[in-house]
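One letter stands for each residue in the lines below.
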Amino acid sequence: MPTSSASTTDAAKPPSAGGGVQSLERAFDLLERMADAGGEVGLSELSVSSGLPLPTIHRLMRTLVACGYVRQQTNRRYALGPRLIRLGESASRLLGTWARPYLARLVEETGETANMALLDGDEIVYVAQVPSKHSMRMFTEVGRRVLPHSTGVGKALLAHIPADEVRALLARTGMPAATEKTITTPDAFLAALDEVRRSGYAVDDNEQEIGVRCLAVPVPDAPTAAAISISGPAGRVTEEATERIVPVLQQVAAELSQALASSGPAA
């Protein structure tokens, strides 16, 4: 998962130069630090990482608990609260909306269907798609959930996760074969992830659907693990076409990353 800005410094953030409300900035900073720590922390840990005094943290956490965004555990540690789920789900849907202009550019420049997908738990979920002008029905569609081992976006999203975590995920999901070309063993999948890290992009070569090839790259520093891809007939998405398409994918992913980091994404 991408590391939030909260983990990039051990000192508390200074007040916003734009006149922001300091208590809000500090509260959101603490939420991000909790997420980076796995979702559950103690007050002393937050004090050390943020540089804020314990009384300040206690006051902020008490407010967040009252609002339902944080809950206090029986062990007196604090965990992210259930009200954040609704916010996250809504933001994920908007993420697909913000990505559509960038996917449209991919379609325009490559001629193939463009997709955006997120890692949601152990599954890949497609959150946005702009179809190619060529008529061809493929398995990818907004809202569809698939296992990561058989998709290009899955490889792109798992490539920078530690190998032991990938193995644990594969043990939970299993590795059923969607086609005769699907990778079905953890060792072979980890070798494929090595190739993704080496080349900078992932390939689904008839592994989810016979006759379809997909090329995928992660969106750098996205607020949640995200990848974009193009998919099309294997006869068009050839090795030669790959050399032309991958730089376009990488450029669009970088621009989308910049837009998501700004206050108002725009193509």
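Our structure's up above, just so we're on the same page.
Residues numbered from 1 in each chain as written. Predicted model: local features only at pLDDT ≥ 70, side-chain atom pairs only at ≥ 80, totals over all residues. Heavy atoms only, no water.

Engineer: Hey, could you run me through the overall build of the protein in this one?
Structural biologist: Within the protein, the secondary structure is distributed over 8 helices and 9 strands. When each of the 267 residues of the protein is scored for burial, the buried share is 43%. Of the contacts made within the protein by residues no fewer than 6 positions apart, 57% connect residues no fewer than 24 positions apart. Surface accessibility of the protein: about 13,500 Å² in total, with carbon and sulfur atoms responsible for 54%. (Helix = DSSP H or I, 4+ residues; strand = E, 2+ residues; numbered from the N terminus. Buried < 20%, exposed > 50% of the residue type's maximum accessible area, 1.4 Å probe, protein only. Contact = heavy atoms within 4.5 Å. Areas by Shrake-Rupley, 256 points an atom, 1.4 Å probe, with all protein chains shown as cover.)

Engineer: Looking at this model, I keep getting lost on the pairing of strand 5 (residues 123-130). Mind explaining?
Structural biologist: Each regular strand shows side chains that alternate between the opposite faces of the sheet. Burial runs high along strand 5: 7 of the 8 residues are buried. Sheet topology note: the strand 4 (residues 113-120)/strand 5 ladder contains 7 bridges and is antiparallel. Across the sheet, residue Ala117 finds its bridge partner in strand 5, namely Tyr126. Linkage of strand 4 to strand 5, two consecutive antiparallel strands, is achieved through a turn of 2 residues, within which Gly121 is found at a positive phi near 65°. Direction of pairing for strand 5 relative to strand 6 (residues 145-146): antiparallel, over a ladder of 2 bridges. The partner of Ile124 across the bridge, within strand 6, is Val146. (Pairing = 2+ DSSP bridges.)

Engineer: I would appreciate a short explanation of helix 8 (residues 239-261) in the present structure.
Structural biologist: Two residues of an α-helix separated by three or four positions point the same way, owing to the 3.6 residues in each turn. A rise of 1.5 Å per residue sets the reference length of helix 8, with its 23 residues, at 33 Å; its end C-alpha atoms lie 33 Å apart and thus fit the reference within 8%. The sharpest bend along helix 8 comes to roughly 30°, located at Ile245, with the proline Pro247 sitting one to four residues further on. Among the residues making up helix 8, those that are buried are Ala241, Thr242, Ile245, Val246, Val248, Leu249, Val252, Ala253, Leu256, Ser257, Ala259 and Leu260. (Expected span 1.5 Å × (residues − 1). Bend = angle between axes of the 7 residues up to and from the residue.)

Engineer: Just checking my understanding: could you explain unusual backbone geometry for this structure?
Structural biologist: Note: most peptide bonds trans; most residues except glycine with negative phi. Phi angles above zero are rare outside glycine, and Arg76 is one such case at about 75°. Along the chain, Arg76 falls in the loop between strand 2 (70-72) and strand 3 (78-80). Classification of Arg76 as exposed rests on a relative accessible area of 64%. A positive phi angle, near 55°, is found at Asp221, a position not held by glycine. Asp221 gets classed as exposed once you look at its relative accessible area, which sits at 71%.

Engineer: Any chance you could explain the environment of Arg59 here in plain terms?
Structural biologist: Its place among the elements puts Arg59 in helix 3 (residues 54-67). A sequence separation of 32 residues divides Arg59 from Ala27, and the C-alpha atoms of the two residues are 9.8 Å apart.

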